[in-house]
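Structural overview
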Amino acid sequence: MRMGKGHQGHRDRGLGLRLTVASLAAALIVIPFNLLLVVAKMPVDGLDAEAARNLHEYALAHPGVTRFLIVWTDLFGPWPWRVSVIAYAVWLLYRGAPRLAAWAVTTITVGGLLGLALKIIVARARPHLLDPVALAPGDSFPSGHTVNATLGAGVIVLLVLPMLPRWGRVVAWTVACFLVVSVGYTRIALGVHWVSDVAAGIVLGVAVIAATAAAFETWRREQGRRPASPPVEGVEPELVKATHEQN
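Summarised in this report is the structure supplied together with it. (Residues numbered from 1 in each chain as written. Predicted model: local features only at pLDDT ≥ 70, side-chain atom pairs only at ≥ 80, totals over all residues. Heavy atoms only, no water.)

**Here's the deal with the environment of P98**
Selection criterion: Strands here are runs of E lasting at least two residues and helices are runs of H or I lasting at least four, both read from the DSSP assignment and numbered beginning at the N terminus. Partly exposed describes any residue whose relative accessible area lies between the buried limit of under 20% and the exposed limit of over 50%, with all areas from a 1.4 Å probe on protein chains only and scaled to the type maximum. Here, residues are in contact when the closest pair of their heavy atoms is within 4.5 Å.
Tracing the chain through its elements places P98 in helix α6 (residues 98-122). The class of P98 is partly exposed, set by a relative accessible area of 34%. For P98, the contacting residues outside a window of four places in its chain are L92 and L93.

So this is what it looks like as structure tokens:
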């Protein structure tokens, strides 16, 4: 029994180390993001300004649509995603999948902290509009709503993929992409973010998920499990089998 516990502890430390390394690797994304912002500043500023102006005019002319966008951006804001992932992680702990729960919580936490760090480093001002339809605190780059929507939707999809048929997986990814893009659109349309803020948020979220999912997959293979493709099968394809065995 003691050997079993020791072996499990060793495996857990191995996974923890890989997730830590993956998180540090993802942190390096801050460097190219800053370079992109500086090198491509002029053309990006032109696109940002034009989109902000056109969408702001539409928002002022259609208050009903604007109210809907405000509800949508709050409904799928950062905290609903964080709570959803943490709640799912608690359920995974209850079902006896602590390592999968650790992956989920690590991914959304690291991604959120990287987004916050990038905001502080870049310190970009939000759009300044004469007659704003919405206000938001803090700096602009990247969009925190978009970062967390990407992280939350991506994590949840990768957790549920093993339980879905092939067509269900396509639907899950389609819904996730729609939610991420729609949340990003609300931030631009409401005049609280630039287009480049939203694009950076999506890229950052995807990069963090890719890094931690790759680390988890590497750990799985080291444990002698069959190779899997996380975007197709999820990060833990054995989840359904293990759940059935417990039931």
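Having seen the structure, we can now continue with the description.
**A few points about the nonpolar core**
Test applied: Side-chain atoms within 4.5 Å link the members of a nonpolar core, which is a set of buried Ala, Val, Leu, Ile, Met, Phe, Trp, Tyr and Cys residues.
Counting residues in each nonpolar core, the largest one holds 38 residues, and the members touching the most others are L92, L100, W103, L159 and V235. For this core, the elements supplying multiple residues, two or more each, are α5 (78-94), α6, α7 (144-160), α8 (166-189) and α9 (195-222). The element that contributes the greatest number of residues to this core is α7, accounting for nine residues. Look past the residues within four positions of L100 in its chain and what remains in contact with it is L92, L159, F216, V235, E236 and L239. By size, the runner-up hydrophobic cluster in this structure holds eight residues, among which are L55, L69, A189 and V192.

**A word on helix α4 (residues 63-75)**
Where we set the bar: By this rule, a helix spans an expected 1.5 Å times one less than how many residues it contains. In this description, one arc is meant: the one made by directions from the helix axis to the C-beta atoms.
Taking 1.5 Å per residue, 13 residues should reach 18 Å; α4 reaches 18 Å between its end C-alpha atoms and fits that length. When α4 is considered as a whole, its buried residues turn out to be T66, L69, W72 and T73. All buried residues of α4 fall inside an arc of 120° around its axis, so they share one side. Residues of α4 that are exposed and point more than 90 degrees away from the buried face comprise R67, V71 and D74.

**A closer look at the packing of aromatic side chains**
Heads up, the condition is: Only Phe, Tyr and Trp rings are paired, with Trp represented by its six-membered ring, and only when their centres lie within 6.5 Å; those with planes under 30 degrees apart are stacked, over 60 edge-to-face, the remainder tilted. Working rule: Lys NZ or Arg CZ, within 6 Å of ring centre, within 35 degrees of ring normal, means a charge sits over the ring.
Under the definition given, this model contains five aromatic pairs. Between W72 and F76, the aromatic rings sit 4.8 Å apart at their centres with planes inclined by 50°, giving tilted as the arrangement. Ring centres of Y88 and W91 lie 5.7 Å apart, and the angle between their planes is 85°; this geometry places the pair in the edge-to-face category. Here W91 and Y88 lie together in helix α5, a separation of three residues that amounts to about one turn. A residue is classified by how much of its surface remains accessible, and W91, at 35% relative accessible area, is partly exposed. In this structure an aromatic cluster arises from ring pairing among F68, W72, F76, W81 and F178. Over the face of the ring belonging to W79 we find R82, whose NZ or CZ atom lies 4.7 Å from the ring centre.

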